[in-house]
Number of protein chains: 2
Amino acid sequence: MIFKQLIDTETSTYTYLLADENSKEAIIIDPVVEQVERDTQLINELWLTLKYILDTHVHADHVTWSGELRKIFPEAQIAVWKENKLKCADILLQDKQELSFWEYKITTLETPGHTAWCVSYVSEDMVFTWDLLLIKAAGRTDFQSGSNEKMYQNIQERIYTLPDDTTIYPAHDYNGFTSSTVGQEKKNNPLINEATSLEDFSESMDNLDLAYPKKIDVSLPANKLCWE
Amino acid sequence: MIFKQLIDTETSTYTYLLADENSKEAIIIDPVVEQVERDTQLINELWLTLKYILDTHVHADHVTWSGELRKIFPEAQIAVWKENKLKCADILLQDKQELSFWEYKITTLETPGHTAWCVSYVSEDMVFTWDLLLIKAAGRTDFQSGSNEKMYQNIQERIYTLPDDTTIYPAHDYNGFTSSTVGQEKKNNPLINEATSLEDFSESMDNLDLAYPKKIDVSLPANKLCWE
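Since the structure is predicted, the reported quantities are computational estimates derived from the model, not experimental observations. The numbers attached to residues start from 1 for each chain and follow its sequence in the written order. Working convention: letters from A go to chains and numbers from 1 go to ligands, in the order in which they are written. Two thresholds apply to this predicted model, a pLDDT of at least 70 for residue-level local features and 80 or more for giving and counting side-chain atom pairs, whereas whole-chain, interface and lining totals are computed over all residues. Side-chain calculation: all heavy atoms of the structure are included, whereas hydrogens and water are not.

### Regarding the sheet that holds strand 13 (residues 167-170) of chain A
All names here are of chain A. Across the sheet, which stays open at both edges, the six strands sit in the order 7-8-9-10-13-14 with mixed pairing between neighbours. On the outer flanks of this sheet lie strand 7 (98-101) and strand 14 (180-181), each paired with one strand and no other. What makes two strands pair is DSSP finding at least two bridges between them. Starting at the N terminus, helices and strands are each numbered in turn, a helix being any DSSP run of H or I of at least four residues and a strand any DSSP run of E of at least two. The pairing of strand 7 with strand 8 (residues 104-110) spans four bridges and is antiparallel. If you follow glutamate 98 over to strand 8, its bridge partner there is threonine 107.

Written out as structure tokens, the structure reads:
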């Protein structure tokens, strides 16, 4: 498999490009609008045929360029979680839905928590955990109908039940980590591990005392319109 | 193999941690002083035994923490290119020297160009090209006895002769790329590909018009003392 992890350094957002090395069929997860030129060039340089553009959720911290990207690669389909109802979506995803890119497939895992509607993706021995489970951290739950309860439950029941050597690729990292594994997070994620119960986890999450997301007032309406 | 790519976002410097998953013997390449706490914690969390601390060259843009790291992990040995003669070095490396970490080995490739004395490392299907070959770019050659001629020659003769699917991990990237491959750089690196001759390459390099490195006056003396 061709695999590329890409960084938007301004927002510390990771974008992922996965492709079958023979057929060149490709998918991209969570593209960022400021990187349209870089990512288009990369897709073209690798001679890839972009088949699916996947967004994990309606982002508050950066603007997706899924709509823009489909204009450049009109054969690509935009797939999002069924309840996100983005104007530009071609496919509304269900839980455990499989999308194939030639020899490979990527499977959805319904994992709300950071927001009310959102999805992780599993492909081969990798899981893309978006803002649900970050490296030694978890996404915030204090806006867009986030839920501490659902986050705790989904991390425990849907992510931590994957094999320990599954590589975790998050949507962001603010400490210079690029990946983790399920086994490592089970041992070393303080937010989850130090919580003795859901109530305890919930209290830690409520006390994170985070700043208002810088780009939320621009990003949310723009993303709902798919930047069109 | 356990493999971690780590980022120092202030200087866009990559550090690499490689370890044998069974014995836990590990090596670290190009650690950055500001990240001492993060990297020490990671090494401990993964229960690794740090065997070698490798620096690719005397860095001008960030301060290594090899000396500091050996204080924390006193069994680790600092290995550098033989002519760097760092005060804290335990091993002075020759060309094609192999260092083993249990089942795995890492091999040196003498590849001056960015500076006069420096080394790339090859392990499994990965090459760590430091500031010699960057993704769609190359390191600057305008200080520390850099040489356009040696850079051009070493990229062509020592890096481009590796198998095309060898993954390239550079010391830096300023555009959000985390890796490339030998095959991709052969096709897509404009500095090398668009040069019709060494003279042509040399002219492009001389016209890069780069700013004076921000941290060079602190980093060079500090790194020569191994931050001790």
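So, next bit.
### What to know about the packing of aromatic side chains
Any pair of Phe, Tyr and Trp rings, taking the six-membered ring for Trp, is counted once the centres come within 6.5 Å. Such a pair is stacked with planes under 30 degrees apart, edge-to-face with planes over 60 apart, and tilted for the rest. Inspection of every chain in the model, using the stated rule, returns 18 aromatic pairs over all chains. For the ring pair A:Tyr152 and A:Phe201, a centre distance of 5.0 Å and an interplane angle of 35° mean the geometry is tilted. Within this pair, whereas A:Tyr152 is found in helix 3 (residues 148-159), its partner A:Phe201 is found in helix 6 (residues 198-206), the two being separated by 49 residues in sequence. Across this residue pair, the class does not change: A:Tyr152 and A:Phe201 are buried. When the centroid spacing of 6.4 Å and the interplanar angle of 40° are considered together, the rings of B:Phe3 and B:Phe128 count as tilted. Placement of B:Phe3 in strand 1 (residues 2-8) and of B:Phe128 in strand 10 (residues 126-130) is noted, with a sequence separation of 125 residues between them. For B:Phe128, a relative accessible area of 1% gives the class buried. The criterion for a charge sitting over a ring is simple: Lys NZ or Arg CZ within 6 Å of the ring centre, and within 35 degrees of the ring normal. The ring centre of B:Phe177 lies 5.9 Å from the NZ or CZ of A:Arg38, which sits over that ring. The cut-offs for exposure are 20% and 50% of the maximum accessible area for each residue type, with area from a 1.4 Å probe on protein chains only; residues under the lower value are buried, those over the upper are exposed, and the others partly exposed.

### Examining the relation of the copies chain A and chain B
The least-squares superposition of copies is restricted to C-alpha atoms, and to residues with a pLDDT of at least 70 in both copies. Of the two same-sequence chains, chain A is brought onto chain B (RMSD 0.0 Å, axial shift 0.0 Å) by a rotation of 180°. Viewed as a symmetry operation, the transformation between the two copies matches a two-fold axis. Of the C-alpha atoms belonging to chain A, the one lying closest to the rotation axis is found on A:Thr9, 4.0 Å away. Contacts were defined at the residue level, with two residues in contact if any of their heavy atoms lie within 4.5 Å. Taken together, the interface assignments show that 100% of the residues at the interface of chain A recur at the interface of chain B, consistent with an identical surface on both copies.

Shape descriptors only; they carry no functional weight alone.
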